[in-house]
Protein chains: 2
Amino acid sequence: MDARVASTRQKIEIYRAGAGQGRLANCPIRSVVQSIFGKWTSLLLSALAEKPYRFGELRRLVPDISQRMLTETLRDLQRDGYVHREVFPTKPPSVEYSLTDLGRSMFDSLQHLLHWAENHHATVVEARARFDATDA
Amino acid sequence: MDARVASTRQKIEIYRAGAGQGRLANCPIRSVVQSIFGKWTSLLLSALAEKPYRFGELRRLVPDISQRMLTETLRDLQRDGYVHREVFPTKPPSVEYSLTDLGRSMFDSLQHLLHWAENHHATVVEARARFDATDA
DNA sequence: CTGTATCCCCTATGATACTG
DNA sequence: CAGTATCATAGGGGATACAG
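Now for a look at the structure at hand. Values in this document were obtained by computation on a predicted structure and should not be read as measured data.

1. As for the sheet that holds strand β3 (residues 94-99) of chain B
All names here are of chain B.
For step 1, the next point in the chain: Within the open sheet, the three strands sit side by side as β1-β3-β2. Their pairing is antiparallel. For this open sheet the edge positions go to β1 (53-54) and β2 (83-88), each flanked by a neighbour on one side alone.
For step 2, the next point in the chain: Alignment of β2 against β3, held across six bridges, turns out to be antiparallel. Looking across to β3, one finds that phenylalanine 88 is bridged to serine 94.
For step 3, the next point in the chain: Where helix α3 (residues 41-48) meets the sheet, it contacts β1, β2 and β3, and its direction lies at approximately 95° from that of β3.

2. A short note on helix α2 (residues 28-36) of chain B
For step 1, the next point in the chain: The complete set of buried residues in α2 of chain B reads Ile29, Arg30, Val32, Val33 and Ile36 of chain B. Seen end-on, α2 of chain B carries its buried residues on one side only, within an arc spanning 165°.

3. What about the protein's contact with DNA strand D?
For step 1, the next point in the chain: In the neighbourhood of DNA strand D, 20 residues make up the surrounding shell, with Gly56, Gln67, Arg85 and Tyr97 of chain A together with Arg68 of chain B lying closest.
For step 2, the next point in the chain: For DNA strand D, the backbone portion of the atoms within 4 Å of the protein, that is sugar and phosphate, comes to 53%.
For step 3, the next point in the chain: Separating a phosphate oxygen of DNA strand D from a side-chain N or O atom of arginine 85 of chain A is a distance of 2.3 Å.
For step 4, the next point in the chain: At 2.5 Å, a side-chain N or O of tyrosine 97 of chain A approaches a phosphate oxygen of DNA strand D.
For step 5, the next point in the chain: When contributions to the surface near DNA strand D are tallied by element, the ones reaching two or more residues are α4 (55-61), α5 (67-79) and β3 (94-99) of chain A together with α5 (67-79) of chain B.

4. Some points on the interface of chain A and chain B
For step 1, the next point in the chain: Each partner contributes to the interface: chain A provides 63 residues, whereas chain B provides 63 residues.
For step 2, the next point in the chain: Buried area between chain A and chain B, both sides added, is near 6,000 Å², and the carbon and sulfur share of it is 63%.
For step 3, the next point in the chain: The tally of links from chain A across to chain B stands at six salt bridges.
For step 4, the next point in the chain: For arginine 30 of chain A, the salt bridge goes to aspartate 64 of chain B, with nearest N and O atoms at 2.8 Å.
For step 5, the next point in the chain: The interface formed by chain A and chain B includes 12 residue pairs in polar contact (both at pLDDT 80 or more).

5. A word on the relation of the copies chain A and chain B
For step 1, the next point in the chain: The two copies are related by a screw operation: chain A maps onto chain B through 180° of rotation and 0.0 Å of translation along the axis, at an RMSD of 0.0 Å. Overall, the copies show the geometry of a two-fold rotation axis. It is phenylalanine 37 of chain A whose C-alpha, among those of chain A, lies nearest the rotation axis, at 2.6 Å.

6. Section: unusual backbone geometry
For step 1, the next point in the chain: Residue proline 92 of chain A is reached from lysine 91 of chain A by a cis peptide bond, and omega for that bond is 5°.
For step 2, the next point in the chain: Positionally, proline 92 of chain A belongs in the loop between β2 (83-88) and β3.

7. Some remarks on the nonpolar core
For step 1, the next point in the chain: Membership of the largest hydrophobic core comes to 71 residues, with the highest contact counts inside it found for Leu58, Tyr82 and Leu110 of chain A together with Leu44, Leu58, Tyr82 and Leu110 of chain B.
For step 2, the next point in the chain: When sequence neighbours within four positions are dropped, the list of residues in contact with leucine 44 of chain B reads Leu58, Val62, Ile65, Leu70, Thr73, Leu74 and Leu77 of chain B.

8. A look at the protein's contact with DNA strand C
For step 1, the next point in the chain: As a structural note, the neighbourhood of DNA strand C is formed by 21 residues, with Arg68 of chain A together with Gly56, Gln67, Arg85 and Tyr97 of chain B the closest of them.
For step 2, the next point in the chain: In this structure, a phosphate oxygen belonging to DNA strand C sits 2.7 Å away from a main-chain N or O atom of glycine 56 of chain B.
For step 3, the next point in the chain: Elements that contribute at least two residues to the surface near DNA strand C include exactly α5 of chain A together with α4 (55-61), α5 and β3 of chain B.
For step 4, the next point in the chain: With four residues, α5 of chain B is the single largest residue contributor to the surface near DNA strand C.
For step 5, the next point in the chain: Partitioned by chemical class, the residues of the surface near DNA strand C number eight nonpolar, six polar and seven charged.

9. Observations regarding the packing of α3 of chain B against α5 of chain B
Packed helices, taken two at a time, are described by the angle their axes make and the gap between the axes.
All names here are of chain B.
For step 1, the next point in the chain: Following both chains from N to C, one finds α3 and α5 inclined at 70°, their axes separated by 10 Å at the closest point. With respect to their mutual orientation, α3 and α5 come out roughly perpendicular. In contact with Thr41, Leu44, Leu45 and Leu48 of α3, α5 contributes Leu70, Thr73, Leu74 and Leu77.
For step 2, the next point in the chain: Residue classes in the contact of α3 with α5 are distributed as six nonpolar, two polar and no charged.

10. Comments concerning the pattern of salt bridges
Residue and element names in this part refer to chain B.
For step 1, the next point in the chain: Taken as a whole and assessed by the stated rule, the structure comprises 10 salt bridges over all chains.
For step 2, the next point in the chain: Of the charged contacts in the structure, one is a salt bridge between aspartate 101 and arginine 104, with a shortest N-O distance of 3.7 Å. Taken together, the positions of aspartate 101 and arginine 104, both in helix α6 (residues 101-135) and three residues apart, correspond to about one turn of that helix.
For step 3, the next point in the chain: A relative accessible area of 64% means that aspartate 101 is categorised as exposed.

11. Looking at the sheet that holds strand β1 (residues 53-54) of chain A
Residue and element names in this part refer to chain A.
For step 1, the next point in the chain: Strand order across the open sheet formed by three strands is β1-β3-β2, with antiparallel pairing between neighbours. Whereas interior strands pair on both sides, the edge strands pair on one side only; in this sheet they are β1 and β2.
For step 2, the next point in the chain: Along the sheet face, helix α3 (residues 41-48) touches β1, β2 and β3 and points at about 95° away from the line of β3.

Reading the values: rules and limits
- Residues numbered from 1 in each chain as written.
- Chains lettered and ligands numbered in written order.
- Predicted model: local features only at pLDDT ≥ 70, side-chain atom pairs only at ≥ 80, totals over all residues.
- Heavy atoms only, no water.
- Pairing = 2+ DSSP bridges.
- Helix = DSSP H or I, 4+ residues; strand = E, 2+ residues; numbered from the N terminus.
- Contact = heavy atoms within 4.5 Å.
- Axes fitted to C-alpha atoms, helices over the stretch in contact; angles between N-to-C directions.
- Buried < 20%, exposed > 50% of the residue type's maximum accessible area, 1.4 Å probe, protein only.
- Arc of directions from axis to C-beta.
- Near = heavy atom within 4 Å.
- Polar contact = N/O pair within 3.5 Å; in protein donor to acceptor, adjacent residues only side chain to side chain.
- Buried area = accessible area lost by both parts, 1.4 Å probe.
- Salt bridge = Lys/Arg side-chain N within 4 Å of Asp/Glu carboxyl O.
- Least-squares fit on C-alpha atoms with pLDDT ≥ 70 in both.
- Core = buried A, V, L, I, M, F, W, Y, C linked by side-chain atoms within 4.5 Å.
- Nonpolar A, V, L, I, M, F, W, Y, C, P; charged D, E, K, R; others polar.
- Parallel < 35°, antiparallel > 145°, perpendicular 65-115°, else oblique.

Okay, here's the thing in structure tokens:
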């Protein structure tokens, strides 16, 4: 194990322990991670990592998201500083969403996991099938 | 941008598009990612990445998890092939959980994001505060 | 010690309709 | 076009008690 991995494990120990006794639920690391783990978050980030998109374009890119969740997820991403929202005073108005530097930084880390899932999802699905068949 | 990043982006395009028209919700990549995104999943994985643990030890490591969710999350992790469950016929019985090779492989990728959150959560919390103050 | 079985609640999400 | 408002619902998750 190299030094970097050891360092990472030490920090993740902190993540697990939370922010202190009695405030585990308020651990800021958990809070940040959970917001990234939202149902539509990684999907929208992967779109915006490619290039900026307008509201309606995102809706077409992710056809099964409801308008409400698109609005809400984008607002949360903006609130956390991952996404920049720019309104163009055209008529009718158009709004463009793009990743901030913070968002790009975060997505670079998230991307490792998405990439893993793309490469190994078949293995996981097989494991599930085997488990379900065995226990019955 | 190097070739590896370009390759990743291309695959994430597939992730976004899902498994095909009309079956977006059944996209296996989404399904695998969502299960990893469970509330307690990353926490338990980070514990088991360190060393195998028994049920009660995990409960003490993550004091605010309910017994029910601990059982359920561990079973899901086992079902997906990330965790191995070994029962020792002692009296009373003891059960040890450990990462499989697949689990270690997956956690290596997840770790990048957890590490990022550990290093940047303060920035995100500040961004939230600024957003909340600005809009009122 | 390691779970199961219930009951319950609340939040995340969807569907639909309306607005600047 | 880009949202908001409202209503409805499923299921994730907690608390508690029981069991092998």
